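# Close look at the chain arrangement
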Amino acid sequence: LNLIYALDLIGTFVFAISGTLTAAGKKLDIFGASVIAFVTALGGGTIRDVLIGSQPVSWMLDLNYLLVIGIAVIVSFFFKKHIQQLRKTMFFFDTIGIGMFTILGLQKTLILGMSPIIALMMGTVSAVFGGVLRDILCGEIPLIFRKEIYATACLAGGTLFLILTNLGANYDISVWSTVSFIIVLRALAVKRHWSLPFVS
Amino acid sequence: LNLIYALDLIGTFVFAISGTLTAAGKKLDIFGASVIAFVTALGGGTIRDVLIGSQPVSWMLDLNYLLVIGIAVIVSFFFKKHIQQLRKTMFFFDTIGIGMFTILGLQKTLILGMSPIIALMMGTVSAVFGGVLRDILCGEIPLIFRKEIYATACLAGGTLFLILTNLGANYDISVWSTVSFIIVLRALAVKRHWSLPFVS
Amino acid sequence: LNLIYALDLIGTFVFAISGTLTAAGKKLDIFGASVIAFVTALGGGTIRDVLIGSQPVSWMLDLNYLLVIGIAVIVSFFFKKHIQQLRKTMFFFDTIGIGMFTILGLQKTLILGMSPIIALMMGTVSAVFGGVLRDILCGEIPLIFRKEIYATACLAGGTLFLILTNLGANYDISVWSTVSFIIVLRALAVKRHWSLPFVS
């Protein structure tokens, strides 16, 4: 469980960095950038908690999430250029992040006794809606509504996780299979320019 | 009650179609369009449920709503041009939809013991805020803030419903009177270009 | 306590006026303007209540808030030009408003047993996020993300309030010291063009 907690914090950290970098392009001050970092990292889980009625929302009960976001904002502020060169590393940890967020959101919803379909939706919301809120706050149409298969990878990964655990697979094995699957899927999607059909 | 449930689902269906068609104008992929369809159809009721503290939000407990939205997205995707020619039919069912959403939202709030004024607001929020969320996600100033008397029709209809039920009228008669009243009001408003005074 | 309740209502009134005036610049009708006024005045407290799980949200239980907002919209509608000349008065009461909202939000969170850091955040959210929602609904990047030290003044004032009450200071004295401190801080910030470092 400790490794999973660590990965959850790492996901939070990477999401917060991506939020701060987006803010940098919008001429925001350090407060605005912190809000965007926070919303990018914890907005998805917050929406999930509010929808399923699990309040106070989870980050209020564990201050490590705020701490990690604070560090991410400071690091981004001082090492912006270095981070922008670490594209592949960022992509890798970002994908671990959405994988972990999907699984944890899915489990939290299942534990409350809701249907697997709702759990799958809430897992994806946890992983994806932080970015949606970030884009809305920055005045842009949310990127994932027209980007490569970002949310689709969460849905596919979440489905795999549900199948594996229902087949009785070991928890750790299910987690690693799911995260690896999402990483491979996203890497392929970017490389081969996969995209969903457009509605136009 | 079954007819009312059917009308609620029909309203959901028509709202989801209108969401998908809005998405089509924004060059979104099918995932983005589905999110917009979902938010248009269920966003108002979701905000209502969160504000009054009725969680998990209602669509999590009845998967028929998701099913209806899925069908609406597929239908819109394949029959876009046909639907756009059905303007009057769409307007008719859309208005039945806001009528039903207003009444159901109003009742749900009253049952929790809140004031009729709050119930009236929550009825209108149920009917109208799905469209507000849709416009925000699509990067536009919400249409209803400057359109013909859309929300006003919900407020007027909700008030009529409150008066009728308080006078002891039969439930079905109150529902039909309210929905008919909203339909006539909107049709007149569109025909005669009624609008609220502007603040400028 | 009665004076504090009065100041809370005055803050609500001034926020609602500022919302209506923003709406006036966007060519909204009177319904749209009322929604913006409402969201500006009560949106921050609503988000706070939803995050900490205190539902139904507070304004549903005391209709005076809605009444005050209604009056503010009507007053703004008829006396727009007069109000726009009262810049300094508006600034003064707006600052009292954010001070009161910060303190009341902070206390409400502490009473639920949450950490002072979370309480400080929720106090600031109460004071500041009404304006954020207003800007999002009007299609703009939220002003406070790049404005003089607006939210920072709330954080600083909230911290002072926490310190004073922890030192055992009288409640009224803590409130007045905090509000005065925020007023002086904002006045200085505006006069001397203080701003936070930008991320760019």
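Read on for an overview of the structure. Every value quoted in this text rests on a predicted model; they were computed, and no experiment measured them.

This brings us to the nonpolar core. Counting 213 residues, the largest nonpolar core has Trp59(A), Trp59(B) and Trp59(C) as its most contacted members. Per-element accounting of this core gives the leading share, 13 residues, to helix H2 (residues 30–52) of chain A. Among residues more than four places away in sequence, those in contact with Trp59(A) are Phe38(A), Leu42(A), Thr46(A), Tyr65(A), Leu66(A), Leu51(C), Ile118(C), Met121(C) and Met122(C).

A separate point is a nonpolar patch on the surface. On the surface, Ile74(A), Phe78(A) and Phe79(A) cluster together to form a nonpolar patch covering roughly 340 Å² of accessible area. Positionally, Phe78(A) belongs in helix H3 (residues 64–78).

Below, the discussion takes up the interface of chain C and chain B. At the junction of the two partners, chain C supplies 29 residues and chain B supplies 26 residues. Together, the buried faces of chain C and chain B total about 2400 Å²; carbon and sulfur atoms form 77% of this surface. Interface area lost by chain C to chain B is led by Asp29(C), Phe31(C) and Met60(C), which between them contribute 26%. Where chain C touches chain B, the interface holds 0 salt bridges. For the pair chain C and chain B, the number of links is 3 residue pairs in polar contact (both at pLDDT 80 or more). Elements represented by at least two residues in the side of chain C that touches chain B include exactly helix H1 (2–24), strand S1 (28–29), helix H2 (30–52), helix H3 (64–85) and helix H5 (116–137) of chain C.

For the pair chain B and chain A, the superposition axis carries a translation of 0.0 Å, the fit reaches an RMSD of 0.0 Å, and the rotation angle comes to 120°. Look at the turn and shift together and you get a three-fold axis relating the two. Residue by residue, only 10% of the interface of chain B is reproduced at the interface of chain A, so the copies engage with different surfaces.

What follows covers the interface of chain B and chain A. Between chain B and chain A, the contact holds 29 residues from the first and 26 residues from the second. One can count 0 salt bridges joining chain B with chain A. Mapped by element, the contributors of at least two residues to the side of chain B that touches chain A are helix H1 (2–24), strand S1 (28–29), helix H2 (30–52), helix H3 (64–78) and helix H6 (116–137) of chain B. When residues in the side of chain B that touches chain A are grouped by element, the largest group, 9 residues, is from H2(B).

In this section: the pattern of salt bridges. Considering all chains together, one arrives at 15 salt bridges over all chains under this definition. The salt bridge partner of Lys108(B) is Asp49(B), with a shortest N-O separation of 3.0 Å. Here Lys108(B) is found in helix H5 (residues 87–111), whereas its partner Asp49(B) is found in helix H2, with 59 residues between them in sequence. With relative accessibility at 25%, the residue Lys108(B) sits in the partly exposed group. Owing to a relative accessible area of 0%, Asp49(B) belongs among the buried residues under this scheme. A salt bridge links Arg186(C) to Asp94(C); its shortest N-O distance comes to 3.0 Å. In this pair, Arg186(C) is assigned in helix H7 (residues 171–191) and Asp94(C) in helix H4 (residues 87–111), connecting sequence segments 92 residues apart. Through salt bridges that share partners, Arg48(A), Asp49(A) and Lys108(A) make up one connected network.

Residues and elements named next belong to chain A. Take Ala41: it is sitting in helix H2. Its relative accessible area of 4% is what places Ala41 among the buried residues. Sequence-wise, Ala41 and Arg87 are 46 residues apart; in three dimensions their C-alpha atoms are separated by 18 Å.

What counts, and where the lines are drawn
- Residues numbered from 1 in each chain as written.
- Chains lettered and ligands numbered in written order.
- Predicted model: local features only at pLDDT ≥ 70, side-chain atom pairs only at ≥ 80, totals over all residues.
- Heavy atoms only, no water.
- Core = buried A, V, L, I, M, F, W, Y, C linked by side-chain atoms within 4.5 Å.
- Buried < 20%, exposed > 50% of the residue type's maximum accessible area, 1.4 Å probe, protein only.
- Helix = DSSP H or I, 4+ residues; strand = E, 2+ residues; numbered from the N terminus.
- Contact = heavy atoms within 4.5 Å.
- Patch = residues over 30% accessible without salt bridge, like charges linked within 9 Å, V, L, I, M, F, W, Y side chains within 5 Å.
- Areas by Shrake-Rupley, 256 points an atom, 1.4 Å probe, with all protein chains shown as cover.
- Salt bridge = Lys/Arg side-chain N within 4 Å of Asp/Glu carboxyl O.
- Buried area = accessible area lost by both parts, 1.4 Å probe.
- Polar contact = N/O pair within 3.5 Å; in protein donor to acceptor, adjacent residues only side chain to side chain.
- Least-squares fit on C-alpha atoms with pLDDT ≥ 70 in both.

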